[in-house]
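# Summary of the model geometry
Listed here are the chains, written in short residue letters.
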Amino acid sequence: MTTRAEPGDERSDPGLSVIMSERRRLINLAYRLLGSLADAEDVVQETYARWYAMSARERQAIESPGAWLVTVAGRICLNLFGSARARRETYVGDWIPEPLPEPTEWINGRSGGGGTDPADLVTLDESVTMAFLVVLDAMTPAERVAFVLHDVFRYPFGEVAEIVGRTPAACRQLASSARRRIRTAQTLAGPGAGQAGIVRQFRTAWEAKDIDALIGLLDPEATATADGGGLAVTHLLPIVGGERIAHAYAEIARVSGDRTTFLECTVNGLPGLVAQQDGDIATVFAFAIAGDRIRHIWAVRNPEKLRPWRIG
């Protein structure tokens, strides 16, 4: 990706606008790899710090600044996986990827407040749904990087190999293994036309504390996972079984009473819910729906993960 600058080379140091135009791509890559917008922002900041730590001559010698930035960001993410795993060993309860709102809400609506730079936004597509990110998080670091770079960002295996530190053939095998995991989890299928309607029915039944209606909307083997990170009250272990989830969520509605308002919204590109308490968003709910039944609910209550959703 780099070439030596020969005497008399007239290439100029890439300007700030050229380098910063890569920011959104780097944010999108790092968020998919790490499942955390805060960590992704740190990765991008470190990537740019390394770029500007080089001399002007060294920067001029780089044939493709965009490719260089992606390579460095990918390697930083790989280095972070180890420390992230260590942090999760002491994490209170289950760790769920950080949920993201619809970009228009993030910038101008109830979620964004302060007018976020569009370069900091994550493109919401099928590769960033909560179900997809949860499967990615279960992969090995090398599988995850190889799959995301090749299958999502369309990088050739030769360039992926440079980042992962393996041969192109090995990276091809890593991506193939990751692809099998994705297919098994059935997270690549697009949302059904009725998904928003099912979430709306769930909201109505939940507000009414209608246990029978909730059971009818939940798959008998559904799972509900919550993430409070020790900073918000929630159930520490996943709730398994549609009937158990229905009773637990009806109890949550009873305890929260009139203080809580449920709003329909977009969570990581798919229909979801947010719970507002005293005007502030306290919980974000993402769903995996197959057919006309809810298979999984992810409830994020850790306030550190709700930063993009806050007002003001």
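The structure reproduced in this document is the subject of the present report. (Residues numbered from 1 in each chain as written. Predicted model: local features only at pLDDT ≥ 70, side-chain atom pairs only at ≥ 80, totals over all residues. Heavy atoms only, no water.)

### A word on the layout of surface pockets
Space left empty within the atom packing is revealed by a probe, the size of a water molecule, rolled over the atoms. The cut-off we apply is this: Site definitions follow a grid-based scheme: protein atoms alone, a 1 Å grid, a 1.4 Å probe that fits but cannot get out for cavities, and for pockets an open set with protein on both sides within 12 Å along at least five of seven lines, plus lining residues having an atom within 4 Å of a point. Grid points are joined across faces, edges and corners, and a volume is the space filled by probe spheres set on the points. Secondary structure elements are defined from DSSP: runs of H or I of at least 4 residues count as helices, runs of E of at least 2 residues count as strands, and each element is numbered from the N terminus. Gly is put with the polar residues, along with every residue not named as nonpolar or charged; the nonpolar set is Ala, Val, Leu, Ile, Met, Phe, Trp, Tyr, Cys and Pro, and the charged set is Asp, Glu, Lys and Arg.
In this model, the second largest pocket occupies a volume close to 400 Å³. Every residue lining the second largest pocket is counted, 20 residues in all, and those nearest its centre are V233, I252, Q277, T283 and R301. Sorting the residues of the lining of the second largest pocket by element identifies α13 (242-256), β3 (260-267), β4 (270-277) and β5 (280-290) as the ones contributing at least two each. When the residues that make up the lining of the second largest pocket are grouped by side-chain class, the tally is twelve nonpolar, six polar and two charged.

### Observations concerning unusual backbone geometry
Here is the rule we go by: Classification of residues uses two cut-offs on accessible area relative to the type maximum, computed with a 1.4 Å probe and protein chains only: under 20% is buried, over 50% is exposed, and between them is partly exposed.
Not every positive phi belongs to a glycine, and R154 is a case in point at roughly 65°. Mapped onto the elements, R154 comes out in the loop between α8 (141-152) and α9 (157-164). A positive phi is found at N268, a non-glycine position, where the angle reads about 50°. Relative to the helices and strands, N268 resides in the loop between β3 and β4. With a relative accessible area of 0%, N268 lands in the buried category.

### Description of the pattern of salt bridges
To keep things clear, this is the line we draw: Whenever a carboxyl oxygen of Asp or Glu lies within 4 Å of a side-chain nitrogen of Lys or Arg, that contact is scored as a salt bridge.
Taken as a whole and assessed by the stated rule, the structure comprises 15 salt bridges. We note a salt bridge from E143 to R181, for which the minimum N-O separation is 3.3 Å. You can see E143 sitting in helix α8 and its partner R181 sitting in helix α10 (residues 168-185), a full 38 residues away along the chain. We classify R181 as partly exposed; its relative accessible area is 33%. In this structure, the salt-bridge partner of R203 is E207, at a minimum N-O distance of 3.5 Å. Placement of the pair is R203 and E207 together in helix α11 (residues 195-207), with a separation of four residues, close to one helical turn. Relative accessible area serves as the criterion here: at 37%, E207 is assigned to the partly exposed category. Salt bridges here are not isolated pairs; linked through shared partners, they connect R200, R203, E207 and E264.

### Thoughts on the sheet that holds β3
Strand pairing in a sheet is mediated by backbone hydrogen bonds. Such pairs are either parallel or antiparallel. Threshold: When DSSP locates at least two bridges between a pair of strands, those strands are taken to pair. We call two residues contacting when some pair of their heavy atoms lies within 4.5 Å. Between N-to-C directions, angles cover 0 to 180 degrees, with each direction set by a line fitted to C-alpha atoms, over the stretch in contact for helices.
With respect to topology, six strands assemble into an open sheet ordered β2-β1-β6-β5-β4-β3, the strand pairing being mixed. Each of the sheet's edge strands pairs with one partner strand only, and the pair in question is β2 (239-240) and β3. Across the sheet, α11 is in contact with β1 (218-227), β3, β4, β5 and β6 (293-300); its angle to β4 comes to roughly 25°. Its contacts with the sheet place α13 against β1, β2, β3, β4, β5 and β6, and it is angled at close to 50° to β1.

### Examining a nonpolar patch on the surface
The cut-off we apply is this: Candidates for patches are residues over 30% relative accessible area with no salt bridge; among them, like charges are joined within 9 Å and nonpolar side chains (Val, Leu, Ile, Met, Phe, Trp, Tyr) within 5 Å. Reported accessibility uses the Shrake-Rupley method at a 1.4 Å probe radius. Residues are deemed covered only where the shown protein chains occlude them.
Together, L16, M20 and Y52 make up an exposed nonpolar region whose accessible area comes to about 290 Å². Looking at the secondary structure, you find L16 in helix α1 (residues 16-20). Classification of L16 by relative accessible area gives exposed; the value is 56%.

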